[in-house]
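Given next are the chains, with one letter for each unit.
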Amino acid sequence: MALLVPSRAKYRKVFKGKRGGNATRGNAIAFGQFALKSQDRGFISSRQIEAARRAMTRYTQRGGRIWIRIFPDKPITKHPAESRMGSGKGAVEGYVAVVKPGSIIFEMGSVTEEIAKEAMRLASHKLPVITRFITKESEYLQI
């Protein structure tokens with residue numbers, strides 16, 4: 001399982017941060033004809049991204065193109081079980097991608113709309129955020 005992790009980072013641990021507002025970048029289809037757009041805010045782990053990618057690839061029988069538009073570059077820390085309060089911040093457990101409403105998570109091309117819609121539906125079940133299937137044509141009809 002090839003998980004997405006940053007090759008190097010400026011800081012080993014980072015603050016949790018605020019996740020307010022809508023996505024102003026990465027909110028338009030750039031590569032394919034179909035996309036999975038986030039309607040919710042949250043953290044998507046590298047394992048969840050990989051699981052969703054596998055679900056899409058398996059459904060399309062390795063046909064078509066898939067672009068992953070998010071990257072897990074935020075380290076998430078966790079204390080060991082039954083450890084006492086204090087003693088600083090926990091060890092890095094994994095990496096997550098911060099997703100805001102309007103972010104494009106996956107894009108797909110070179111397949112029919114029916115195949116893309118079903119593949120994206122299967123992928124959306126693997127993700128912790130509410131998503132919506134959009135096409136390049138329907139993107140311009142919305143505000």
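As shown above, the structure is provided for reference.
Parameters and conventions
- Residues numbered from 1 in each chain as written.
- Predicted model: local features only at pLDDT ≥ 70, side-chain atom pairs only at ≥ 80, totals over all residues.
- Heavy atoms only, no water.
- Pairing = 2+ DSSP bridges.
- Helix = DSSP H or I, 4+ residues; strand = E, 2+ residues; numbered from the N terminus.
- Expected span 1.5 Å × (residues − 1).
- Buried < 20%, exposed > 50% of the residue type's maximum accessible area, 1.4 Å probe, protein only.
- Contact = heavy atoms within 4.5 Å.
- Phe/Tyr/Trp six-rings, centres within 6.5 Å; stacked < 30°, edge-to-face > 60°.
- Lys NZ or Arg CZ within 6 Å of the ring centre and 35° of its normal.

### Focus: the pairing of strand 5 (residues 91-99)
For step 1, the next point in the chain: Here strand 2 (residues 42-45) runs beside strand 5; their pairing, made up of four bridges, is antiparallel. Paired with Ile44 across the two strands is Ala97, which belongs to strand 5.
For step 2, the next point in the chain: With five bridges connecting them, strand 4 (residues 74-78) and strand 5 associate as antiparallel partners. Within strand 5, the position partnered with Lys78 by the bridge is Ala91.

### Section: helix 1 (residues 46-59)
For step 1, the next point in the chain: Compared with the 20 Å implied by 1.5 Å per residue over 14 residues, the 20 Å span of helix 1 between its first and last C-alpha is a close match.
For step 2, the next point in the chain: Within helix 1, burial applies to Ser46, Ile49, Glu50, Ala52, Ala55 and Met56.
For step 3, the next point in the chain: Here the buried face of helix 1 lies against strand 2, strand 3 (65-68), strand 5, strand 6 (104-109) and helix 2 (113-124).
For step 4, the next point in the chain: Trailing helix 1 by a residue or two, Gln61 shows a phi angle of about 55 degrees, which is positive.

### Brief notes about the packing of aromatic side chains
For step 1, the next point in the chain: One pass over the full model with this rule turns up two aromatic pairs.
For step 2, the next point in the chain: With a centroid separation of 5.8 Å and an interplanar angle of 20 degrees, the aromatic rings of Phe31 and Trp67 are classed as stacked. Here the residue Phe31 occupies a position in the segment before strand 1 (34-38), and Trp67 occupies one in strand 3, the gap between them amounting to 36 residues.
For step 3, the next point in the chain: Ring geometry for Phe34 and Phe133: centres 5.8 Å apart, planes at 20 degrees, overall stacked. Residue Phe34 is located in strand 1, and its partner Phe133 is located in strand 7 (residues 131-135); the two are separated by 99 residues in the primary sequence. Of the two residues examined, Phe34 and Phe133, each falls in the buried class.
For step 4, the next point in the chain: Over the face of the ring belonging to Phe43 we find Arg19, whose NZ or CZ atom lies 4.5 Å from the ring centre.

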